[in-house]
Structure formats: structure tokens, C-alpha cells
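Per-entry structural report
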Amino acid sequence: MGPSPSPRGRIPVQQPNRALPAGPEPSPRRPHRLTGRLVRAGLAVLLAAGGLVAAQATGAGAVTTRTVSAQAAANPYERGPAPTVASIEATTGPYAVSTSSVSALSVSGFGGGTIYYPTSTADGTFGAVAVSPGYTAYQSSIAWLGPRLASQGFVVFTIDTLTTLDQPDSRGRQLLAALDYLTQTSSVRSRIDSSRLGVMGHSMGGGGTLEAAKSRPSLQAAIPLTAWNLDTTWPEIKTPTLIVGADGDTIAPVATHSEPFYASLPSTLDKAYLELRGATHFTPNSSNTTIAKYSISWLKRFIDNDTRYEQFLCPLPQASLTIAEYRGNCPHTS
């Protein structure tokens, strides 16, 4: 469950009319995103040029081989095959997934949880994401995100909190404690690149996601889901943030929560606001293709620096049967 609404939250929120379109629907610290991208882009140009020289001598096949090598060198964090709409909407991605249970008695700073991770080690290390449930809820309420995201090439930790009544600032600290456990102590720590981490959460866990991003600017991605937090201004956040709201949310109405959260983020930040159509505060507690599609794209784009996923985020998605509104700044620069 989410938190009990404040007196203001009980007043029905009048939403603006939105027309349905006619069309279809830490290890060594990672370099600064922009600097690293410029360096990798320069390397890609050099390698591509080398490929052209090789092609003159050995034929067109060399162009393809060398171009692929240039792309790999340009982004060593890229994982998995080239994405399609079908692949990011699928309930299962290209990686087989294993799980590991973490007892609350074996950790400190959070309440234990379940780790979902790609079974194969052939691709090297992966980025990692910690996910918090909402007020009075347990990890079971957000468990569907574990295998869904892990099968796309992430280590995912769905956590329980110290108590089900913990407030957003506490949940933010617990998300960070969970990431520290993942990268420093867990049985899968060797599978994780500790410079590529993100946070997600539902309701008060979403509010905690904002708190975690504020506290640890080195995080690569944050996704609050129908988030609740009494603090509505977040100008300090430096982490690329996708805020997901629901048009029918009466517990954390978008007019007093998700929309002000988004508006307060720095204008220079890579950010987006996705408002689900026909959804409630509890929509993120069940498997949802729209949430998964854009969460996967956001995590891939910013944790893995994988620009192959930019196509799903820019140009901005249009209103549809499942999207009431989408805002953001494009193209992304991180």
C-alpha cells in the first residue's frame, strides 16, 4: 500500500484534458559521462577510419567487421543484442536469470531482499539497480521488476525495508545500503560494475529514490514510480531521472507529487516524466508493459550508456492508450 493521503490528497484532482492521438501507439570511478562519450566517440571515428582502409584492401566484409569493433570499443558497457520494440516489451529478455535470497539477519541498514542476476558471465560485469517497495509493503509488491529487468542485462535487488512504515528519507538510505551490500559483500559482487548503479522505488520507495539520488550524485539512473514525498523540490539531483506518475492516483496525485518533482529537477538534467493513462497509485505493483518498456530503456541508456535505446526515448513518446502524457528533454546529453 501507499501512504494515507493528506487532507489535500483527498480532494479530487482535476486533470487537464489530453487528447488521444490518431497514430499508433565504488571501483575506479567512471569518467564524467560527457567527457567519456567524447573520448569514446573520437576512438570510434579512428577505428571506423581504419575500417575503411582495410576495406580497400580486403573487400566490403571488412567494413562490417571493423564497424562492429568500433562500436564495441566506443561503449564497453553495452550488453545484449540490438533492441527492438518487441524485445523491450517482452516479459523476458535475452538473459537467463538466477536468484539469491538475502536474509535481513545477514545485512545491516536495510531489511534483506532478493537478488536477480544474469546467469551467464560471458559478457563480463553488469550494472545494478536496487528497488524499494512502498508504505506498509514488502518486496513482493515490486518483485515482478526483478526478473523483468535482470533478463535485460542488470543485477536487480528488490529489498525489504527495516519496517514497513519507514519514511522516504529512510528508504533512500536503505536503497544506498543495499547497493553497497551488492557491490561490496554479496555473492554476486564480482558480476557487478560498481560504477554503474541505479535506484527505483514505488510510492514512499519512489520518494526514497529521489532521496538516494540527491544523496549520491554518482548514481547513473533513478526511476521513482508513483512517488510520494512531502519534499516537492529536487534541484540538487544530478542523476538522470525518469518520473512515472498515474493519472488516477489519489494517494500521491500527480498535481502535488510527480509533476512538481519533475518540474523542480534542473533544466540541464536528462529527465523525463511519464504519466500512465487509466492507472492508479498501485499500478506499479503489477507487471506493466509500459513501465517496463521505458524503465528498461532509461536504465540501458544511462547505466549502460547504450545509445541504441535512445530511439525509444527520443523523439518523446506520444500520448496513447497507455500514456496520458510524456515530457522530457531531447536529445539526451549524458
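Please read these numbers as outputs of a predicted model, since none were measured by experiment. (Residues numbered from 1 in each chain as written. Predicted model: local features only at pLDDT ≥ 70, side-chain atom pairs only at ≥ 80, totals over all residues. Heavy atoms only, no water.)

1. Description of the overall build of the protein chain
Within the protein chain one finds eight helices and nine strands. When the 334 residues of the protein chain are sorted by exposure, 55% land in the buried category. Summed over all atoms, the accessible surface of the protein chain reaches about 14,100 Å², with 58% contributed by carbon and sulfur. (Helix = DSSP H or I, 4+ residues; strand = E, 2+ residues; numbered from the N terminus. Buried < 20%, exposed > 50% of the residue type's maximum accessible area, 1.4 Å probe, protein only. Areas by Shrake-Rupley, 256 points an atom, 1.4 Å probe, with all protein chains shown as cover.)

2. Thoughts on the pattern of salt bridges
A side chain with one charge may pair with a side chain of the opposite charge, provided their charged atoms come close. The tally for this structure, following the rule as stated, stands at eleven salt bridges. Between Glu 259 and Arg 327 there is a salt bridge, with the nearest N and O atoms lying 2.9 Å from each other. With Glu 259 in helix 7 (residues 258-264) and Arg 327 in strand 9 (residues 323-328), this residue pair connects regions lying 68 residues apart in the sequence. When salt bridges that share partners are traced, they join Asp 193, Arg 196, Lys 300 and Asp 304 into one network. (Salt bridge = Lys/Arg side-chain N within 4 Å of Asp/Glu carboxyl O.)

3. Structural notes on helix 5 (residues 168-184)
For helix 5, built from 17 residues, the straight-helix expectation of 24 Å at 1.5 Å per residue is met to within 8% by its first-to-last C-alpha distance of 24 Å. A large share of helix 5 lies buried, amounting to 13 of its 17 residues. (Expected span 1.5 Å × (residues − 1).)

4. Description of the nonpolar core
The biggest cluster of nonpolar side chains holds 38 residues, and the ones touching the most others in it are Phe 110, Ile 115, Val 155, Phe 157, Leu 179 and Leu 182. Broken down by secondary-structure element, the contributors of at least two residues to this core are strand 2 (113-118), strand 3 (126-132), strand 4 (154-159), helix 5, strand 5 (192-202), helix 6 (204-215) and helix 7. If you tally residues by element for this core, the top one is helix 5, at seven residues. Beyond its immediate chain neighbours, meaning those up to four positions away, Leu 182 contacts Ile 115, Ala 128, Val 155, Phe 157, Val 188, Arg 189 and Ile 192. Of all hydrophobic cores here, the second largest spans 35 residues; its members include Val 129, Ile 142, Trp 144 and Ala 292. (Core = buried A, V, L, I, M, F, W, Y, C linked by side-chain atoms within 4.5 Å. Contact = heavy atoms within 4.5 Å.)

5. Observations concerning the environment of Ala 130
Among the secondary structure elements, Ala 130 is positioned in strand 3. Placed 68 residues apart in sequence, Ala 130 and Gly 198 show a C-alpha to C-alpha distance of 6.6 Å. Setting aside residues up to four positions removed in sequence, Ala 130 forms contacts with Phe 157, Leu 175, Ala 178, Leu 179, Gly 198, Val 199 and Met 200.

6. So, the sheet that holds strand 9
Read across the sheet, nine strands follow the order 1-2-4-3-5-6-7-8-9 without closing on themselves; strand pairing throughout is mixed. In the strand order of this sheet, the two ends are held by strand 1 (97-102) and strand 9, each with one partner. The average angle at which neighbouring strand axes cross in this sheet is 15°, direction not considered. Here five bridges tie strand 5 to strand 6 (residues 221-225), and the two strands are oriented parallel to one another. Along strand 6, the bridge assignment pairs His 202 with Leu 225. Packed on one face of the sheet, helix 6 meets strand 3, strand 5, strand 6 and strand 7 (241-246) and runs near 140° to strand 5. (Pairing = 2+ DSSP bridges. Axes fitted to C-alpha atoms, helices over the stretch in contact; angles between N-to-C directions.)

7. Considerations on the side chain of Asp 304
In this fold, Asp 304 is placed in the loop between helix 8 (289-303) and strand 9. Polar contacts involving the side chain of Asp 304 include one to the side chain of Arg 196, which spans 2.6 Å. (Polar contact = N/O pair within 3.5 Å; in protein donor to acceptor, adjacent residues only side chain to side chain.)

8. Some details on the packing of aromatic side chains
Scanning the model with the defined rule gives eight aromatic pairs in all. Between Tyr 262 and Tyr 273, the aromatic rings sit 6.0 Å apart at their centres with planes inclined by 40°, giving tilted as the arrangement. Linking Tyr 262 in helix 7 with Tyr 273 in strand 8 (residues 271-276), this pair joins segments that are eleven residues apart in sequence. Given a relative accessible area of 9%, Tyr 262 falls into the buried group. Given the relative accessible area of 0%, Tyr 273 is considered buried. One aromatic cluster is present, formed by Phe 110, Phe 157 and Tyr 181 through successive ring pairs. Its end group placed over the ring of Tyr 262, Lys 271 keeps NZ or CZ at 4.6 Å from the ring centre. Above the ring of Phe 154, the side-chain terminus of Lys 300 is found at 5.2 Å from the ring centroid. (Phe/Tyr/Trp six-rings, centres within 6.5 Å; stacked < 30°, edge-to-face > 60°. Lys NZ or Arg CZ within 6 Å of the ring centre and 35° of its normal.)

9. Some thoughts on the side chain of Glu 325
The residue Glu 325 is located in strand 9 in this model. What makes Glu 325 buried here is its relative accessible area of 18%. A polar side-chain atom of Glu 325 sits 2.6 Å from a polar atom in the side chain of Arg 327.

10. Description of the pairing of strand 7
For strand 7, a buried count of six out of six residues is recorded, marking the element as mostly surrounded by other parts of the structure. Going residue by residue along strand 7, you find Thr 241, Ile 243 and Gly 245 tucked away on one face and Leu 242, Val 244 and Ala 246 tucked away on the opposite face as well. The pairing of strand 6 with strand 7 spans two bridges and is classified as parallel. Across the sheet, residue Ala 222 finds its bridge partner in strand 7, namely Thr 241. Where strand 7 lies against strand 8, six bridges are found, and the strand directions are parallel.

11. Quick notes on the environment of Ala 292
In this fold, Ala 292 is placed in helix 8. Among the residues examined, Ala 292 registers a relative accessible area of 0% and is labelled buried. Once you skip the residues sitting within four places of it in the chain, Ala 292 turns out to touch Ile 88, Trp 144 and Arg 148.

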